[in-house]
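One-letter residues, chain by chain:
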Amino acid sequence: MTIRVVVADDQELVRSGFAMILDAQEDIEVVAEAGDGAAAVAAVRELAPDVALLDIRMPLLDGIGACRTITAQTACRTVMLTTFDSDAYVYEALHAGASGFLLKDVRRDDLVHAVRVVAAGDSLLAPSVARRLIEEYTAATARPAAAAVLPAQRLEVLTARERETLLHLGRGLSNAEIAAALVVSEHTVKSHVGNVLAKLGLRDRIQAVICAYETGLITAGVAVEEQQAVGGAEVSPSGE
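The following paragraphs examine the structure supplied in this document. Position numbers for residues count from 1 along each chain, tracking the sequence in the order it is written. The predicted origin of the model limits local features to residues at a pLDDT of at least 70 and limits the giving and counting of side-chain atom pairs to 80 or more, whereas totals for whole chains, interfaces and linings rest on all residues. Side-chain measures here rest on the full set of heavy atoms in the structure, leaving out hydrogens and waters.

Overview of unusual backbone geometry
Point 1. Of note, the phi angle at Ala48 is positive, near 50 degrees, even though the residue is not glycine.
Point 2. Under the scheme used here, helices are H or I runs from DSSP no shorter than 4 residues and strands are E runs no shorter than 2 residues, and both carry numbers assigned from the N terminus. Structurally, Ala48 can be placed in the loop between α2 (37–47) and β3 (51–55).

Side note on the pattern of salt bridges
Point 1. Salt bridge criterion: a side-chain nitrogen from Lys or Arg within 4 Å of a carboxyl oxygen from Asp or Glu. The final tally for this structure, using the stated rule, is 7 salt bridges.
Point 2. Note that Glu33 is salt-bridged to Arg15, the shortest N-O span being 3.3 Å. Highlighted residues: Glu33 in strand β2 (residues 28–34) and Arg15 in helix α1 (residues 12–23), separated in sequence by 18 residues.
Point 3. Throughout, exposure labels follow a simple rule: accessible area from a 1.4 Å probe, protein chains only, divided by the maximum for the residue type, with under 20% read as buried, over 50% as exposed, and the rest as partly exposed. Of the residues examined, Arg15 reaches a relative accessible area of 14% and is grouped as buried.
Point 4. Asp110 is the partner of Arg107 in a salt bridge, and the nearest nitrogen-oxygen pair spans 3.1 Å.
Point 5. What makes Asp110 partly exposed here is its relative accessible area of 32%.
Point 6. Sharing partners across several salt bridges, the network here consists of Asp9, Asp55 and Lys104.

Notes on the packing of helix α7 (residues 160–170) against helix α10 (residues 205–214)
Point 1. Where α7 meets α10, the closest approach of the two axes is 8 Å, and the angle between their N-to-C directions is 105 degrees. As summarised for this structure, α7 and α10 are arranged roughly perpendicular, according to the angle between their axes. Along the contact surface, α7 presents Leu166, Leu169 and Gly170, while α10 presents Arg205, Ala208, Val209, Ala212 and Tyr213.
Point 2. In the scheme used here, Gly and all other residues not listed as nonpolar or charged are polar, with Ala, Val, Leu, Ile, Met, Phe, Trp, Tyr, Cys and Pro taken as nonpolar and Asp, Glu, Lys and Arg as charged. Among the residues making up the contact of α7 with α10, the classes are represented as 6 nonpolar, 1 polar and 1 charged. Convention adopted: a line fitted to C-alpha atoms gives each axis, helices being fitted over their contacting stretch, and angles between N-to-C directions are expressed from 0 to 180 degrees. Between 65 and 115 degrees an angle is taken as roughly perpendicular, under 35 as roughly parallel, over 145 as roughly antiparallel, and anywhere else as oblique. Residues count as neighbours in contact if any of their non-hydrogen atoms are within 4.5 Å of one another.

Here we look at α1
Point 1. What a helix should span is 1.5 Å times the count of its residues minus one. Helix length check: α1, at 12 residues, gives a terminal C-alpha distance of 16 Å against a target of 16 Å (1.5 Å per residue), a fit within 8%.
Point 2. Structurally, α1 contributes buried residues whose contacts are with β1 (3–8), β2, β3, β4 (77–82) and α5 (108–119).

Structural notes on the nonpolar core
Point 1. Take the buried residues of types Ala, Val, Leu, Ile, Met, Phe, Trp, Tyr and Cys, join any two whose side-chain atoms come within 4.5 Å, and each joined set is a nonpolar core. Ranked by internal contacts, the top residues of the largest apolar core, which has 28 residues, are Leu54, Ile70, Met80 and Phe101.
Point 2. When contributions to this core are tallied by element, the ones reaching two or more residues are β1, β2, α2, β3, α3 (63–73), α4 (87–95), β5 (100–103) and α10.
Point 3. When neighbours within four sequence positions are excluded, Ile70 is seen to be in contact with Val41, Val44, Ala52, Leu54, Cys76 and Thr78.

What about the state of the cysteines?
Point 1. Only a pair of cysteine sulfur atoms within 2.5 Å counts as a disulfide in this structure description. Applying the stated criterion across every chain, the model contains 0 disulfides.
Point 2. Of the cysteine sulfurs around Cys67, a residue in no disulfide, the closest is that of Cys76, at 9.2 Å.
Point 3. According to the relative accessible area criterion, Cys67 is buried, its value standing at 0%.

Observations concerning the pairing of β2
Point 1. Two strands pair when backbone bridges link them, and β1 and β2 are joined in this way by 6 bridges, in the parallel orientation. Each bridged residue has a counterpart across the sheet, and for Val5 the counterpart in β2 is Val30. Pairing between two strands requires that DSSP report at least two bridges joining them.

A word on the side chain of Ser99
Point 1. Mapped onto the fold, Ser99 is located in the loop between α4 and β5.
Point 2. Take Ser99: its relative accessible area is 0%, and that puts it in the buried class.
Point 3. Here a polar contact is taken to be a pair of N or O atoms separated by no more than 3.5 Å, where protein atoms must pair a possible hydrogen donor with a possible acceptor and residues adjacent in sequence count only if both atoms sit in side chains. Within polar-contact distance, the side chain of Ser99 engages the side chain of Arg77 at 3.2 Å.
Point 4. Contacts of Ser99, omitting those with residues within four sequence positions, involve Arg77, Thr78, Val118, Asp122, Ser123, Leu124, Arg203, Asp204 and Ile206.

Notes on the environment of Asp23
Point 1. On the secondary structure map, Asp23 appears in helix α1.
Point 2. Not counting chain neighbours up to four residues away, the residues in contact with Asp23 comprise Ile28, Glu29 and Val30.
Point 3. Looking at Asp23, its side chain comes within polar contact range of the main-chain nitrogen of Val30, at 3.0 Å.

Printed below as a string of structure tokens:
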């Protein structure tokens, strides 16, 4: 199946370069290019692509505003592009519903990989911003005043094992790493992750990271073992 993509950036050379790279792939088709956020939203509404690449800084409507509208009104998934790995931009973009965040100096292969990953329903962050997002910016002292703090009671719908899975998701672990930590199979972890996302109404793993911090399940700087005890994730290591 062909992945349909809209590329939006106010710099024509950047926009054309990304479009050329993606169009060269057999399984990807760039269906439109846009020079501002408003045009990007219009293109997504008209053409119903699978993925929209959005520059964060664009005229008329910036990338975050475009992302917020696109994720709220369509099934299109979004990847944010920027020259700045600012935590504030990352956090705001993810709250707007972005499924990925890449720097504009991303390698050709990584750009293509990102589009494929996001189109498949997963989420992706550039390694240079993922660690800071998880370990620093989402700490309570750094959280923007405008960001809503979710009630811890929201997690009561989770089983103890699902709660523990969310804790590890919040730490940025892959399914393989979670399986090793819980001493279960990757298939079991995949099932737990799916249950967590479904029960909490989350789009993807990135939203799970945000949820883990905003419900207080994770506090930056606190060891995982301490958080497991506080979070009530007291499950036998061998239990699935």
